[in-house]
Amino acid sequence: MQEVHVGIVGLGNVGSGTLAILAANADQIALKLGFRLRVVAVCCRSIATRPIPESLGPVLKTADWREVVAHPDVEIVAELVGGTGVAAEIVDGAIAHRKSLVTANKELMAACGPEIWDRAIRAGINVAMEASVAGGIPIHAVLREGISGDRVVALYGILNGTCNYILTEIEKRGDPLETVLSEAQQLGYAEADPSADLDGIDARSKLAILAALAFGEKITPSDIFMEGIRRISPLDFRYAHQLDHTIRLICAARQTPEGLILSVRPALIPRTTILAGVQGAYNAVWVKGAYGEDTFYYGRGAGALPTGVAVVSDLMRVAREIRGGSPERVSPFAHERLGEYQPVSVIRQKRAYYLRFRVTDQPGILARLAGILAAKQISLEAVLQLPMESKQDLPFVITVEPTYEHAIREAVMQMAQLDFLLEPPLALPMETSL
């Protein structure tokens, strides 16, 4: 069968990994497909200094993505630039030239995925985006095909390898976040500007895509409550361990009678749960179905080669559909919102909570805090205080029985005005349902 021609735009980590796999694994790919995938064009702003594997043969090398998109031999464009600026132009160009599209761009697909798919379907081309979430885990295929006969009722994930590496290193070593972040940047796990990771933005984009696949919703990032990990300290892990819990940045989507509750936030989870064992820069997704119940998926969440595998697998699937004459025509975002799944505010969530305080010691502190909680109909469960030498910066923790998020928020806002607090209280949900 005639080979399929690919154009790759972007030779960063993911693009370089994709190119390396296509070159080194070409024969195995051809055996699996029954024909060859051939790279005919590559694009990078610094293309003159980029090594291209000789085994690929003659390849157009250009710094202008338009040359790749308009190339008469290119049948599939792999957009591996990222972001929502130039990447959106590349996607628009590919669709305009009726080139099928493979992308690893979670930010763009979370923000514009439904519209991109609709235009691609009208153009008679295919889109594949497995690498946009949890690079080393084929979670899109799982949700769209592997367990599609089930009805998903809950999905919990660790979707940002940078945050998971930072949190697990803080937990193991007791070093502050700033120290571990610096090391993560040196290792290439974190960007020079780590805001997208630390503040939950990256994970929120990924959850928006997974929730759309899992619940048949047109989810946008603005539907998802988001908090980052900047305030998590080694002390929080010490208290969490006293409660037989640990702390992870949890991406959660749960079906409730009121609607779909979506959040990305640090949370306490029992140390006995499978997600608590996810260490370092790994990702994991736990899915609960109405009929098949629990399934769990684990693997590398990022990196040139794990994500490159996802891109190459997408290229193979699209190539097979091109040659087989059966391109996919069903968008994962094609469902209209149903009332029972309508995203609702996280303030309706009812959970136990962990409240950590730093105070200047004085009489009556617990009584005043307990009074605020009682006024919001929040019941105390336990008070924890590790031995500390300084009375000028005294930390302690209060855990409360399950209550509504809005009540906790109101209580924390009121507490933040108290003169003995050195900083606003840190409130983390306790995800005991995992």
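Check the entry above for the structure.
The structure contained in this document is the topic of the report that follows. Not measured: the values here are computed from a predicted model.

1. Some remarks on helix α4 (residues 86-96)
Next, step 1: Along α4, the positions that sit buried rather than exposed are A87, I90, V91, G93, A94 and I95.
Next, step 2: The inward-facing, buried residues of α4 contact β1 (4-9), α3 (65-69), β4 (76-79), β5 (100-103) and α5 (106-123).
Next, step 3: Of the residues trailing α4, R98 is marked for its positive phi of about 55°.

2. Some details on the side chain of T168
Next, step 1: With respect to the element layout, T168 can be found in helix α7 (residues 161-173).
Next, step 2: The class for T168 is buried, based on a relative accessible area of 0%.
Next, step 3: Here T168 is in contact with R248, V278, Q279 and G280, once residues within four sequence places are set aside.

3. What to know about α7
Next, step 1: The end-to-end C-alpha distance of α7 is 18 Å, a good match for the 18 Å that 13 residues give at a rise of 1.5 Å each.
Next, step 2: Of all 13 residues making up α7, 11 are buried, and the element is well covered by its neighbours.
Next, step 3: If you check which residues of α7 are buried, you get G161, T162, C163, N164, Y165, I166, L167, T168, E169, I170 and E171.
Next, step 4: Buried positions along α7 lie against β7 (152-158), α8 (177-187), α9 (195-198), α11 (234-242), β9 (245-256) and β11 (282-289).
Next, step 5: By the N-cap criterion, in which a side-chain oxygen at the helix start approaches the backbone nitrogen of a residue two or three places on, α7 is capped by N160, the distance to T162 being 3.2 Å.
Next, step 6: Just past α7, the residue G174 takes up positive phi, approximately 75°.

4. With respect to the pattern of salt bridges
Next, step 1: Enumeration according to the criterion identifies 28 salt bridges in this entry.
Next, step 2: Between R36 and D27 there is a salt bridge whose closest N-O contact spans 2.9 Å.
Next, step 3: The exposure class assigned to D27 is exposed, which follows from its relative accessible area of 52%.
Next, step 4: A salt bridge links D419 to R368, with the shortest nitrogen-to-oxygen separation between them at 3.9 Å. Of this pair, D419 sits in the loop between α14 (405-415) and β17 (426-430) while R368 sits in helix α13 (residues 365-375); the two residues are 51 residues apart in sequence, bridging distant segments of the chain.

5. Comments concerning unusual backbone geometry
Next, step 1: At R98, a position not held by glycine, the phi torsion is positive, near 55°.
Next, step 2: Residue position: R98 is located in the loop between α4 and β5.

6. So, the packing of helix α1 (residues 13-24) against helix α12 (residues 304-324)
Next, step 1: Axis separation between α1 and α12 bottoms out at 8 Å; the angle between their running directions is 65°. The two elements α1 and α12 cross, and the hand of that crossing is right-handed. On α12, the residues that touch N13, V14, G17, T18, I21 and L22 of α1 are A304, L305, T307, G308, V309, V311, V312 and L315.
Next, step 2: Considered class by class, the residues forming the contact of α1 with α12 number 9 nonpolar, 5 polar and no charged.

7. Brief notes about the sheet that holds strand β3 (residues 60-62)
Next, step 1: Spatial ordering of the open sheet is given by β3-β2-β1-β4-β5-β6, a layout of 6 strands whose pairing is parallel. For this open sheet the edge positions go to β3 and β6 (127-128), each flanked by a neighbour on one side alone.
Next, step 2: α12 rests against β1, β2 (37-43), β4, β5 and β6 of the sheet, and its axis sits at about 165° to β5.

Procedures and definitions
Residues numbered from 1 in each chain as written. Predicted model: local features only at pLDDT ≥ 70, side-chain atom pairs only at ≥ 80, totals over all residues. Heavy atoms only, no water. Buried < 20%, exposed > 50% of the residue type's maximum accessible area, 1.4 Å probe, protein only. Helix = DSSP H or I, 4+ residues; strand = E, 2+ residues; numbered from the N terminus. Contact = heavy atoms within 4.5 Å. Expected span 1.5 Å × (residues − 1). Polar contact = N/O pair within 3.5 Å; in protein donor to acceptor, adjacent residues only side chain to side chain. Salt bridge = Lys/Arg side-chain N within 4 Å of Asp/Glu carboxyl O. Axes fitted to C-alpha atoms, helices over the stretch in contact; angles between N-to-C directions. Left-handed = near helix turned anticlockwise from the far one by under 90°. Nonpolar A, V, L, I, M, F, W, Y, C, P; charged D, E, K, R; others polar. Pairing = 2+ DSSP bridges.

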